[in-house]
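Residues per chain are reported as follows:
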Amino acid sequence: MKLNVELQIYLKEYSPNGAAKFDYELADGSSVMTLVDALGVPDELANIVIVEGESTDHAHKLKDGDHVILIPPLAGG
Amino acid sequence: MPHGWTGKILRVDLTEGRATPEDLNMPWARQYIGGRGLGTRYLYEEMDPSADALSPENKVIFATGPMTGTYAPTGGRYMVICKSPLTGAVACSNSGGYWGPELKFAGYDMIILEGRSPNPVYLWINNDGVEFRDASHLWGKNTEESEDTIRRETDPQARISGIGVAGEKLNRFACIINDKSRAAGRSGVGAAMGSKNIKAIAVRGTGAVEVADQLKFGELVFDSMRLINESPTTSKALRGMGTASTVAFANSIGMLPTNNFQQGQFELADNVSGQTIANTVLRRNKGCYACPIGCARVTETSGETKWKGHGEGPEYETIFGLGTDCGVGELDAVLYANYACNLYGIDTISAGGTVAVAMELRERGYIPDEDLADLGTDLKFGNADAVIRCLEMMTTREGKFGDLLAEGGYRLAEHYGHAELFMGSKKQDFAAYDPRAAKGMGLGYATSNRGGCHMRGYSMKVEWFAPMEERLDPFAEEGKAAALIKLQHDAAGIDSVGMCDFSAYAVPPERQVELYETCTGEETSREEWDEIGERIWNLERLFNNRAGLTRQDDSLPPRMTEEPLSGGAVQNQVVALEGMLAEYYRLRGWDDDGNPSAETLERLNIQ
C-alpha cells in the first residue's frame, strides 16, 4: 500500500528523501509501528501519531492512501 | 548571610524618592522560596487587594529566586508581582535574560516599588548605590531607545528592565522588557509600573551568589545539564526550532486558534511554522543567563517585503496571537508585529487577542464605521495592516478606538455589547491552545490565578506531550482536576526558585529539590516542595478573593463550552467545565464558592 507520510520538525532527519512530506510504500496490513521501524525513527520519538486527522497509537493498522503524521515530544510556551 | 538568597531587599518609596535596604524575611523565604511565591507573600501582607491596580496603593515587586544568578541551568529568572491592571487579580509575570542575575550580583533578592513618583524617573542601582534619576527625556521613547540611553548614562554593563510607551499610557496589557526583548509579558505589569511614573530600573552588580554546598551543587548542575542535553524536548525541539515547533502539531490536531478561536486549523499555517522560520528568517538561536537550551530566535524579515525589521521572536504564542488568531499568514508581518510589540512594550498574546476579538466584532457588524475612521484599513481577519495599525493605536491610545483597544479585549467586547466573544478568563486572553482539544487546559484557563494563561499548569504536558503510555485522554474531563493541581504546584515551585519552566522538561521536581537544598542549605523534600506549591497557589487565591473575584470568574466563554470545533481530531468537542470545576474545588479543600477552607489554610500554615 502507498502512504502519504509527514514527519514534523526534527523527525525529518528520518525521511528517506530528506523531505518532510513524502509517499511511502509498505506491505498491506502494516501498523504505524511497522512504519516507524521502517523509517528508523526511535519509538519514543514518534510520540504523537495522527492518521487521517485522528490521533492514534503505534498499534493502529494502516490502509492504502492513509495520511500519517509523526510528531516528536514537544513543548510550547 | 544566607546562601542562595542575598538576604536583602530594596524598598523604594517613589512618592518620597527614598530607597531603603531591608533584611529579607527568612521565615517567609523558607515557606515561599522566592520569586513568585515570596513576592506574592509580600504583596499579600502589604497591599489592600481591593485597591485600584493603577493607584499608588498598588506595589510592584521585582523578585528573584534563590537559584537566580547561580550557575544552575536556566537559573536566570525574575518575576514581577503586583495587582493586575488587566484582570484585577494577582499578577506575576516571569522573564529571563540577564537582569535578574544582575540584581542578585548587586546584593538584592527583591525590589518593592511603592507609591508614585511626582515626575518620571528611572532607578540606577550600582551595587550599594541607589539613585533616582530624571526620566523626562525618556518618556515617549520605545524600550530599545530607552535602554540604550540609560546604558550610556550609567554603565556599559548595566542591565535594564523597563517599559515602553504602552506602559506610560497605562495600556492594560503593557509588559516590562529587559535586555531589549525578554518580556515579563502578561497581565499588564508594565501599566502598573507606568502608573508609578518609573520608566526603568538599571542595575549593575559585581558580587556573586553564595551557594551552600559548592561541590554537591556543582555535581547536580553538571548532571542536570546532561539531562537537558539528552532530552529530545529541550535539546532538539526547543533548541532547534524554539516554541514555534508547536505550530505544525497544533494545526494537525485542529487546536491552533484561528480567527478568534472560531476555527482550530489555519490554511496558511505552513507559512508561519517553526520549520519555515528555520528555513527562511532565522539568523541564530539565543539563550538567557546560564541557559543550555537556547530557545530564543534571532530573526530578520525576508527583505522582499514591506514589513522590514530584525529582532527576537516569534514564539509560538506570538505566531498565534499576531498571526493565526487574526487570520494573518504572512510571516514577515508576524515578525514585524512581534518586533513592534517589544518596542512598544505590549504583551503579544493579549495584543493579538484584543485585535482578534475586534476583528470578529467588526465582521459581525457590532463596530460602527465611525469608530474606525482613524484606522485607515479594513478591520477584518487576514489583514496584516490592520493588526499593525491596531498595535500602534493601542500603544498610544490614539483616538476613541485606540483607547478602547488599550483597555484589552474583554472591556472592548463589553463596550460593544458582546463580552461573550472575548476569548479569555478573568479578562486575560487565552494562550495558543484551544481547550476543546485539551480539556485540562480549559480547567487550567478557568482556574488560573492570573487569568487565561498556559503557564499556570500546562496541562498539554500530560494530555498531548507526555510519552504515549503515560498520556491522559485529551478529550476526556475525568482525572483532569487532579492532574492539573499537580501541574499548578510544580509551576509555582519552578517560578519561585528562579529557574525556567522549560528546564522542567528535563530537570524534574525531585532534582529541583536537590538543587535548592544544596544551593540554600535548607532541607526540604519532594512532598514539602509540593506543599510549598500548594501554599503559593492558595495564597494567590486568597488575594484574588479579597480583591473581589468569585467562582463566577473561574469561567470560560460560551464558545468553549457550547460551540464544537470542526476539522482535525477535535470534531464535536466542547469543554464540560462545571463538573471538572466542582471536582477541582473539592480536591483543593475549597468550598463551593472557591474559598479555601479554614482547615486548608491551617494545614498549609497560611496566616
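Residues numbered from 1 in each chain as written. Chains lettered and ligands numbered in written order. Predicted model: local features only at pLDDT ≥ 70, side-chain atom pairs only at ≥ 80, totals over all residues. Heavy atoms only, no water.

Looking at this structure, how should I read helix α23 (residues 577-588) of chain B?
Each α-helix winds once per 3.6 residues, and so residues spaced three or four apart point in a common direction. All names here are of chain B. The terminal C-alpha atoms of α23, which comprises 12 residues, lie 16 Å apart, in line with the 16 Å expected from a rise of 1.5 Å per residue. Where α23 is concerned, the buried positions are Leu577, Met580, Leu581, Tyr584, Tyr585 and Arg588. For α23, the angular spread of the buried residues around the axis is 135 degrees, confining them to a single face. Turned more than 90 degrees away from the buried face of α23 sit Gly579 and Arg586, all of them exposed. Residues of α23 that are buried make contact with α17 (439-447), α19 (480-497), α21 (526-546), α22 (558-562) and α24 (598-603). (Helix = DSSP H or I, 4+ residues; strand = E, 2+ residues; numbered from the N terminus. Expected span 1.5 Å × (residues − 1). Buried < 20%, exposed > 50% of the residue type's maximum accessible area, 1.4 Å probe, protein only. Arc of directions from axis to C-beta. Contact = heavy atoms within 4.5 Å.)

I'm lost on the nonpolar core in this one. Help?
The nonpolar side chains of soluble globular proteins are, as a tendency, buried together. Among the nonpolar cores identified, the biggest contains 179 residues, and Phe249, Met255, Leu379, Phe401, Met460 and Trp464 of chain B are the most heavily contacted of them. Counting 27 residues, the second largest nonpolar core, distinct from the first, contains Leu14, Val121, Ala184 and Val189 of chain B. (Core = buried A, V, L, I, M, F, W, Y, C linked by side-chain atoms within 4.5 Å.)

I would appreciate a short explanation of the sheet that holds strand β5 (residues 67-71) of chain A in the present structure.
Two orientations exist for strands paired in a sheet by backbone hydrogen bonds: parallel and antiparallel. Residues and elements named next belong to chain A. With mixed pairing, the 5 strands of this open sheet are ordered in space as β2-β1-β5-β3-β4. Only two strands of the sheet have a single neighbouring strand rather than two, namely β2 (21-25) and β4 (54-56). Each strand axis lies, on average, 30 degrees off the axis of its neighbour in the sheet, ignoring direction. Pairing between strand β3 (residues 48-51) and β4: 3 bridges, direction antiparallel. (Pairing = 2+ DSSP bridges. Axes fitted to C-alpha atoms, helices over the stretch in contact; angles between N-to-C directions.)

Sorry, what's going on with the packing of aromatic side chains here?
All names here are of chain B. Considering all chains together, one arrives at 24 aromatic pairs over all chains under this definition. With a centroid separation of 5.0 Å and an interplanar angle of 85 degrees, the aromatic rings of tryptophan 28 and tyrosine 42 are classed as edge-to-face. Taken together, the residues span a long stretch of sequence, with tryptophan 28 in helix α1 (residues 26-32) and tyrosine 42 in helix α2 (residues 35-46) at a distance of 14 residues. Every member of this aromatic cluster is reached through a ring pair, and the members are Phe249, Tyr316, Tyr433, Tyr458, Trp464, Phe465 and Phe475. Its end group placed over the ring of tryptophan 139, lysine 199 keeps NZ or CZ at 5.9 Å from the ring centre. Positioned over the ring face of tyrosine 505 is lysine 461, at 4.8 Å from the centre of the ring. (Phe/Tyr/Trp six-rings, centres within 6.5 Å; stacked < 30°, edge-to-face > 60°. Lys NZ or Arg CZ within 6 Å of the ring centre and 35° of its normal.)

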